[in-house]
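A structural walkthrough
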Amino acid sequence: MGVKVQLMRDKRLLAAIIGFLEVSIFILALNKVLAGGLDDPLKVIAYAGGFATGNYIGSFIENKLALGYLSLQVFPEPQLTPHLINKLRQEGFGVTSVDCQGQCGERTVLFVLLKRRDLQKALSILNNLDPNIFFNVSDARLIHGGVFPAKGSRLGK
């Protein structure tokens, strides 16, 4: 799992190192399971359980590391837009707003590029303002330029 995520984020060297370690562990563990043959179903169950546990723990660790950036697009109700922009900016997020036409009329879309570790803080702001607000989050593979909070700011702590 970690290899695919790192490749998606254009981290080829890290993906290669993680992949090497994963395959090495896989081969060593599989060798132990197959050493006595497949006559003992408990070994197969133990191996499968270990594999599943490894995936779970790996995804947990990856979530905690929260490397990389995300793109958050928010589609607030028109009356909430100015307040939401101000609140996000007060909390250190950079916000770009674009006026557009939606199915229900004039809208403003808010674009927020943020560090993965700051996602929960941003979502908390959205939820506190409007629990039914429409938004989407996607991985940002490559970013260049822009304004980001300096180290030591309120975000990322």
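The text that follows walks through the structure, step by step, so that each part is easy to find. (Residues numbered from 1 in each chain as written. Predicted model: local features only at pLDDT ≥ 70, side-chain atom pairs only at ≥ 80, totals over all residues. Heavy atoms only, no water.)

1. Focus: the packing of aromatic side chains
This is how it is decided: We call Phe, Tyr and Trp rings a pair once their centres come within 6.5 Å, taking the six-membered ring for Trp, and we label the pair stacked below 30 degrees between planes, edge-to-face above 60, and tilted otherwise. To qualify as a helix, a DSSP run of H or I must reach at least 4 residues; to qualify as a strand, a run of E must reach at least 2; elements of each kind are numbered from the N terminus. Whether a residue is buried, partly exposed or exposed follows from its accessible area with a 1.4 Å probe, protein chains only, as a fraction of its type maximum: under 20%, in between, or over 50%, in that order.
If you walk through the whole model with that rule in mind, you get 1 aromatic pair. Judged by centre distance (5.0 Å) and plane angle (40 degrees), the ring pair of Phe-75 and Phe-134 falls under tilted. One end of the pair, Phe-75, is in strand 1 (residues 69-75); the other, Phe-134, is in strand 4 (residues 134-140), and 59 residues separate them in sequence. Under the relative-accessibility criterion, Phe-75 is labelled partly exposed at 26%.

2. Topic: the packing of helix 4 (residues 81-90) against helix 5 (residues 119-129)
Note the cut-off: A fitted line through C-alpha atoms serves as each axis, taken over the contacting stretch for helices, and the angle formed by two N-to-C directions is quoted from 0 to 180°. Geometric relationships in this document are graded by angle, where less than 35 degrees denotes roughly parallel, more than 145 denotes roughly antiparallel, 65 to 115 denotes roughly perpendicular, and other angles denote oblique. Here is the rule for handedness: rotate from the far helix to the near one, and if that takes an anticlockwise turn smaller than a right angle the crossing is left-handed, while a clockwise turn gives right-handed. Working rule for contacts: check all heavy atoms of both residues, and any pair within 4.5 Å makes them a contact. Residues are sorted three ways: Asp, Glu, Lys and Arg are charged, Ala, Val, Leu, Ile, Met, Phe, Trp, Tyr, Cys and Pro are nonpolar, and all the rest, Gly among them, are polar.
Packing of helix 4 against helix 5 brings their axes to within 11 Å, and their N-to-C directions diverge by 150 degrees. The angle between helix 4 and helix 5 places the two elements in the roughly antiparallel class. Handedness of the crossing formed by helix 4 with helix 5: right-handed. Contacts between helix 4 and helix 5 pair His-83, Leu-84, Lys-87 and Leu-88 from the former with Ile-125, Leu-126 and Leu-129 from the latter. Partitioning the contact of helix 4 with helix 5 into residue classes produces 5 nonpolar, 1 polar and 1 charged.

3. A few points about helix 5
So the rule is basically this: The arc in question is traced by the directions running from the helix axis to the C-beta atoms.
Every buried residue belonging to helix 5 is among Leu-119, Ala-122, Leu-123, Ile-125 and Leu-126, and all of these are buried. The buried residues of helix 5 occupy one face: seen down the axis, they fall within an arc of 155 degrees. When the buried face of helix 5 is taken as reference, the exposed residues oriented beyond 90 degrees from it are Gln-120 and Asn-128. Those residues of helix 5 that are buried lie in contact with strand 1, helix 4, strand 3 (105-115) and strand 4.

4. Notes on the environment of Glu-91
Examined against the element boundaries, Glu-91 turns out to sit in the loop between helix 4 and strand 2 (96-102). The buried category is assigned to Glu-91, whose relative accessible area is 15%. With 31 residues separating them in the primary sequence, Glu-91 and Ala-122 have C-alpha atoms 8.7 Å apart.

5. Here we look at helix 2 (residues 12-35)
To keep it simple, the criterion reads: A helix is expected to span 1.5 Å multiplied by its residue count minus one.
Between its first and last C-alpha, helix 2 extends 34 Å over 24 residues, near the 34 Å set by a 1.5 Å rise per residue. When helix 2 is considered as a whole, its buried residues turn out to be Ala-15, Gly-19 and Val-33.

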